[in-house]
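# Observations on the three-dimensional arrangement
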Amino acid sequence: MPTSSASTTDSARSAASGGVQSLERAFDLLERMADAGGEVGLSELSASSGLPLPTIHRLMRTLVACGYVRQQPNRRYALGPRLIRLGESASRLLGSWARPYLARLVEETGETANMALLDGDEIVYVAQVPSKHSMRMFTEVGRRVLPHSTGVGKALLAGFPAEEVRALLGRTGMPAATDKTITTPDGFLAALEEVRRQGYAIDDNEQEIGVRCLAVPVPDSPTAAAISISGPAGRVTEAATERIVPVLQQVAAELSEVLTTPGTAPTA
């Protein structure tokens, strides 16, 4: 029986890495389900993965039996609740891995450093190292905010197609946190274009009056992530921005390397 090109590629990759082909395929399907919003049909998975339907059906039966996938009444498949525990543990580890790098940001910039993820339609802060200044910013780890009023939100959404950003904004709305908050989709998309042009994002009194934030994405992160510094507007000035942004970009690149290199222990 002839094999699909996807199967051949999987076989070569598994042989080269010493991995287990069925395990690699199962994780690939889970990631494709996540990319599709968490619920898909078998034909969609077959079309996107290149795997034959019988193979996908066999893998999905195993994932359902383990609780990582559940079959819906409409016969489509959805990510299962057992993944929640894995995700929560992974988020905590990601935050702990990031802290040495955030600490370096604090040492080099003097301002509070944060790491945040895009979780569904919201931004969630997973790690923070506070500034040593007596006047400093503080964001509780685990706090959730809407992306349109934050530097990390802009840094993350700048990598998304415009239609996906509009759809997200349509679901969340764009409430004003301050009178500086961007509250229209067109205005926000223009801000994202500026982020792409200059290579970093700014929250200029948009989440909280008197506070400025500079943020960059973590390139190639396994999940959409960004790091940032935040501080009083009187310290995070235009002149400070020119000094801080290269540091942010360098630390983001180093964090990306350890997060994307198998077997690398994240240390700063």
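What counts, and where the lines are drawn
Residues numbered from 1 in each chain as written. Predicted model: local features only at pLDDT ≥ 70, side-chain atom pairs only at ≥ 80, totals over all residues. Heavy atoms only, no water. Salt bridge = Lys/Arg side-chain N within 4 Å of Asp/Glu carboxyl O. Helix = DSSP H or I, 4+ residues; strand = E, 2+ residues; numbered from the N terminus. Buried < 20%, exposed > 50% of the residue type's maximum accessible area, 1.4 Å probe, protein only. Polar contact = N/O pair within 3.5 Å; in protein donor to acceptor, adjacent residues only side chain to side chain. Pairing = 2+ DSSP bridges. Contact = heavy atoms within 4.5 Å. Axes fitted to C-alpha atoms, helices over the stretch in contact; angles between N-to-C directions.

The protein is annotated in an unreviewed UniProt entry as Allantoin degradation transcriptional regulator AllR from Streptomyces griseoloalbus.

The final tally for this structure, using the stated rule, is 16 salt bridges. One salt bridge in this structure joins Glu 39 and Arg 76, with 3.3 Å as the shortest N-O distance. Pair noted here: Glu 39 is in strand 1 (residues 39–40) and Arg 76 is in the loop between strand 2 (69–71) and strand 3 (77–79), with a separation of 37 residues, a long-range link. Residue class for Glu 39 comes out partly exposed when judged on its relative accessible area of 26%.

As a further point, take the side chain of Thr 109. Of note, Thr 109 is situated in helix 5 (residues 82–109). At a separation of 2.7 Å, a polar atom in the side chain of Thr 109 contacts the main-chain carbonyl oxygen of Leu 105. Within the local environment of Thr 109, its side chain forms a polar contact with the backbone nitrogen of Glu 111, the two atoms lying 3.2 Å apart.

Within strand 4 (residues 112–119), 7 of the 8 residues are buried, leaving the element largely enclosed by the surrounding structure. Pairing geometry for strand 4 and strand 9 (residues 225–232), over 6 bridges, is antiparallel. Bridge pairing in strand 9 links Ala 113 to Ile 229. When strand 4 meets strand 5 (residues 122–129), the two strands line up antiparallel, connected through 7 bridges. Looking at the pairing, Ala 116 lines up with Tyr 125 of strand 5.

Turning to the sheet that holds strand 4, a few remarks are in order. Taken in spatial order, the 6 strands make up an open sheet running 6-5-4-9-8-7, and their pairing is antiparallel. With one partner strand each, in any of the chains shown, strand 6 (144–145) and strand 7 (201–204) form the two edges of the open sheet.

Moving on to the sheet that holds strand 1. The antiparallel open sheet is built from 3 strands, whose spatial order is 1-3-2. In this open sheet, the two edge strands, each paired with only one partner strand, are strand 1 and strand 2. In terms of strand pairing, strand 1 meets strand 3 through 2 bridges, oriented antiparallel. Looking at the pairing, Val 40 lines up with Tyr 77 of strand 3. Of the strands in this sheet, strand 2 and strand 3 are in contact with helix 4 (residues 53–66), which crosses strand 2 at around 105°.

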